[in-house]
Amino acid sequence: MNPYVLATLLSSLGLGTTLTFASSHWLLAWMGLEINTLAIVPLMAQHHHPRAVEATTKYFLTQATAAAVILFASTTNAWTTGEWNMTNMSNPTATAMILAALALKIGLAPMHFWMPEVLQGLDLLTGLILSTWQKLAPLALIIQTAQAFDPLLLSALGLTSTLVGGWGGLNQTQLRKILAYSSIAHMGWMIIILQYAPQLTLLALLMYVLMTSAAFLTLKFSSATKINTLATIWSKSPMLTTTAALVLLSLGGLPPLTGFMPKWFILQELAKQGLPLTATVMALAALISLYFYLRLCYTMTLTISPNITTSTTPWRTQATQSSLPLAMSTVMALGLLPITPAIMMLVI
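Residues numbered from 1 in each chain as written. Predicted model: local features only at pLDDT ≥ 70, side-chain atom pairs only at ≥ 80, totals over all residues. Heavy atoms only, no water.

For the pair helix H13 (residues 260-272) and helix H16 (residues 340-347), the least separation of the axes is 12 Å and the interaxial angle reads 45 degrees. The orientation of H13 with respect to H16, classified from their angle, is oblique. Considering the relative orientation of H13 and H16, their crossing is right-handed. Residues Met-261, Trp-264 and Phe-265 of H13 form the contact with H16, whose own contacting residues are Thr-340, Ile-343, Met-344 and Val-347. (Axes fitted to C-alpha atoms, helices over the stretch in contact; angles between N-to-C directions. Helix = DSSP H or I, 4+ residues; strand = E, 2+ residues; numbered from the N terminus. Parallel < 35°, antiparallel > 145°, perpendicular 65-115°, else oblique. Left-handed = near helix turned anticlockwise from the far one by under 90°. Contact = heavy atoms within 4.5 Å.)

Structural data, given as structure tokens:
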């Protein structure tokens, strides 16, 4: 892709998200979401592969539907209240529609069906943008309007997403689909705590972005998209295999890695709010997710690829991509648990 076109598209992505962050008016927020969608569509279709075009079409249709519902719901709310302000959401129908549309935008269950299919059709770097940056603007809107939403509905969305995210990833062999289900599960963790401690939602989002970036960049560095390709990585770069396994365990939320911190805080807050049953179900759902992360770690570190493997053994070529972003995101995805006391001072 032409570097000038790429720079324009990336700056439009930044502009769309920033516009949504800064707005308290529904029309401006909708405009930011639309700029965001239109900026990523050419990035998704840049390889002209049939799967990429299919994924782009599916993504565009779901995002356009969600944007239309947001516009319709905010117009309905403005009709009732006489203003477009986000803080004044007094129409229950409009509020429920906006939550459904934003849930569709970030891929919360049961509106998650597009997410694994779309991510599977993209290359790893565009998949990384879709899994991290594209979640920011809709989540900002959800956080801003959280007080207007029905608490029971938010809890139901959170629980469903963590269960579906764990359950859906169990029988997958494609790494991008596994990371898509991982994303759905993490979104569930963010939504479940939103009504009680929005600062924990932001903490969970930050940790999710760090860990997912490390996972995607590791796969990009080793050119792996299927589980059986993982079995051939250890001979080429044993150190990368070790850190990749640890990053996956961090995504699963195992101590003493970074991913344990948000889960620990969220379960603690749910218990404080008198919701031990919800906390127990969330912890059990995290165990389901942990199973498929462990499956990947087992494939990577404890199996030797058979002689008649269907994946080609990678050549020991010089890597062309910069390893600095990978190194930084990996270090942060693995080693931030010791600063938990400082983060507790900020968020609790």
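The subject of this paragraph is helix H1 (residues 3-22). Relative to the 28 Å expected for 20 residues at 1.5 Å per residue, H1 spans 28 Å between its end C-alpha atoms, a close match to the ideal helical length. Within H1, the full set of buried residues consists of Leu-9, Leu-13, Gly-16, Thr-17 and Thr-20. Within H1, the buried residues cover an arc of 90 degrees as seen down the axis, which keeps them to one side. More than 90 degrees from the buried face of H1, the exposed residues found are Pro-3, Tyr-4 and Ala-22. (Expected span 1.5 Å × (residues − 1). Buried < 20%, exposed > 50% of the residue type's maximum accessible area, 1.4 Å probe, protein only. Arc of directions from axis to C-beta.)

In this numbering, the UniProt entry assigns the feature "domain: NADH:quinone oxidoreductase/Mrp antiporter transmembrane" (unreviewed entry) to residues 23-288. Across residues 23-288, the secondary structure splits into 75% helix and 0% strand, with the terminal C-alpha atoms separated by 38 Å. (UniProt positions renumbered as here; feature names shortened; annotations may be inferred.)

Looking now at the domain arrangement of the protein. Per the domain assignment, the segments of the protein are domain 1 (1-146) and domain 2 (150-168 + 175-306 + 325-347). Computed from C-alpha atoms alone, the centre-to-centre distance between domain 1 and domain 2 is 23 Å. Interface of domain 1 and domain 2: buried area, both sides summed, is about 2600 Å²; carbon and sulfur atoms make up 82% of it. Here Lys-177 and Glu-117 are joined by a salt bridge, their closest N and O atoms 3.4 Å apart. There are 5 residue pairs in polar contact (both at pLDDT 80 or more) connecting domain 1 and domain 2. Secondary structure elements with two or more residues in the side of domain 1 that touches domain 2: helix H4 (92-106), helix H5 (114-120), helix H6 (124-131) and helix H7 (133-144). (Domains from an automatic or database assignment. Buried area = accessible area lost by both parts, 1.4 Å probe. Salt bridge = Lys/Arg side-chain N within 4 Å of Asp/Glu carboxyl O. Polar contact = N/O pair within 3.5 Å; in protein donor to acceptor, adjacent residues only side chain to side chain.)

Turning to the pattern of salt bridges, a few remarks are in order. Inspection of the entire model under this criterion finds 4 salt bridges. Three or more residues are tied together by salt bridges with common partners; here these are Arg-51, Glu-54, Lys-58, Glu-117 and Lys-177.

Okay, the side chain of Thr-340 next. Position of Thr-340 among the secondary structure elements: in helix H16. Once residues lying within four places of it in the same chain are set aside, the contact partners of Thr-340 are Met-261, Trp-264 and Phe-265.

The geometry of H7 relative to helix H10 (residues 198-222) is characterised by a closest axis approach of 12 Å and an angle of 170 degrees between their N-to-C directions. Here H10 runs roughly antiparallel to H7, going by the angle between their axes. From H7, Lys-135, Leu-136, Leu-139 and Ile-143 reach across to H10, where they touch Thr-201, Leu-202, Leu-205 and Tyr-208. Looking at the contact of H7 with H10 residue by residue, the class counts come to 6 nonpolar, 1 polar and 1 charged. (Nonpolar A, V, L, I, M, F, W, Y, C, P; charged D, E, K, R; others polar.)

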